[in-house]
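Descriptive analysis of the structure
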Amino acid sequence: MANAQYSFTSELWKWEARASWYFVSLPEAVSDEIEAMYGALAGGFGSLRVKVTVGGSHWSTSIFPDGKRATYVLPMKKPVRIAEGLADGDPVHIDLVIAS
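All of these numbers come straight from a predicted model, not from anything done at the bench. (Residues numbered from 1 in each chain as written. Predicted model: local features only at pLDDT ≥ 70, side-chain atom pairs only at ≥ 80, totals over all residues. Heavy atoms only, no water.)

Topic: the environment of Arg-69
Going by this rule: Helical segments are the DSSP runs of H or I of at least four residues, strand segments are the runs of E of at least two, and each set is numbered from the N terminus. Working rule for contacts: check all heavy atoms of both residues, and any pair within 4.5 Å makes them a contact. Polar contact criterion, stated in full: a pair of N or O atoms within 3.5 Å, where within protein one must be able to donate a hydrogen and the other to accept it, and residues adjacent in sequence count only if both atoms are side-chain atoms.
Mapping Arg-69 onto the fold places it in the loop between strand S4 (57-66) and strand S5 (71-75). A C-alpha to C-alpha distance of 7.9 Å links Arg-69 and Ser-25, two positions 44 residues apart in sequence. Excluding residues that lie within four positions of it along the chain, Arg-69 makes contacts with Trp-13, Glu-16 and Ser-25. Polar contacts involving the side chain of Arg-69 include one to the side chain of Asp-66, which spans 2.9 Å.

So this is what it looks like as structure tokens:
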């Protein structure tokens, strides 16, 4: 199965339980497609490995299902937020490739 590629813009948000953690929620349609195509390959906590590009930043991480939001969420680490000048509530354009 070829690794799917997705491109979308979503809002950066801060996790209430751990204020130093930031995420972007994948659009529902993207999340549903990823679950249908790759859900069976999920690792711990339902995670899927991905490669991400935001602006000039590239990294590998995992997306996680979030039952509260009914979608996958992508963690946005601090070095990326700083490098790309991102703050809570900012729109973020993301290019994502499933690496599973």
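Description of the nonpolar core
As a reminder, the rule being used: What we call a nonpolar core is a set of buried Ala, Val, Leu, Ile, Met, Phe, Trp, Tyr and Cys residues that are connected through their side-chain atoms within 4.5 Å. Think of it in three bands: residues with accessible area under 20% of the maximum for their type are buried, residues over 50% are exposed, and the middle band is partly exposed, with areas taken using a 1.4 Å probe on protein chains only.
Counting 25 residues, the largest nonpolar core has Ile-34, Val-54, Ile-63, Met-76, Ile-94, Leu-96 and Ile-98 as its most contacted members. Of all the elements in the fold, those that place two or more residues in this core are strand S1 (5-14), strand S2 (22-25), helix H1 (28-38), strand S3 (48-54), S4, S5 and strand S6 (91-98). The contact partners of Ile-98, leaving out residues within four places of it in the chain, are Asn-3, Ala-4, Tyr-6, Ile-34, Tyr-38, Arg-49, Val-50 and Ile-63.

Things to note about the side chain of Arg-81
The condition that has to hold: Counting rule applied: Lys, Arg positive; Asp, Glu negative; His and chain ends not counted. Salt bridges are counted wherever a side-chain nitrogen of Lys or Arg sits within 4 Å of a carboxyl oxygen of Asp or Glu.
The residue Arg-81 is located in helix H2 (residues 78-83) in this model. One buried charged residue, Arg-81, remains without a salt bridge, the closest side chain of opposite sign being Asp-88 at 8.6 Å. In this view, Arg-81 contacts Leu-12, Ser-20, Tyr-22, Met-76 and Leu-86; residues no more than four positions away in its chain are not counted.

Structural notes on the packing of aromatic side chains
Any pair of aromatic rings gets described here by the distance separating the centres and the angle formed by the planes. Under the convention used in this document: Note on aromatic pairs: the rings of Phe, Tyr and Trp (six-membered ring only in Trp) are paired at centre separations within 6.5 Å, and the planes decide the class, stacked below 30 degrees, edge-to-face beyond 60, tilted for the rest. Whether a charge lies above a ring is judged from NZ of Lys or CZ of Arg, which has to be within 6 Å of the ring centre and within 35 degrees of the ring normal.
Per the counting criterion, the structure on display carries four aromatic pairs. Ring geometry for Trp-15 versus Trp-21: centroids 5.4 Å apart, planes at 45°, classification tilted. Of the residues examined, Trp-15 reaches a relative accessible area of 30% and is grouped as partly exposed. Feature note: the residues Trp-13, Trp-15, Trp-21 and Phe-23 constitute an aromatic cluster, connected by ring pairs. Across from the ring centre of Trp-13, 3.4 Å away, lies the NZ or CZ of Arg-69, which sits over that ring.

Everything listed here is a matter of coordinates, which is why it stays silent on function.
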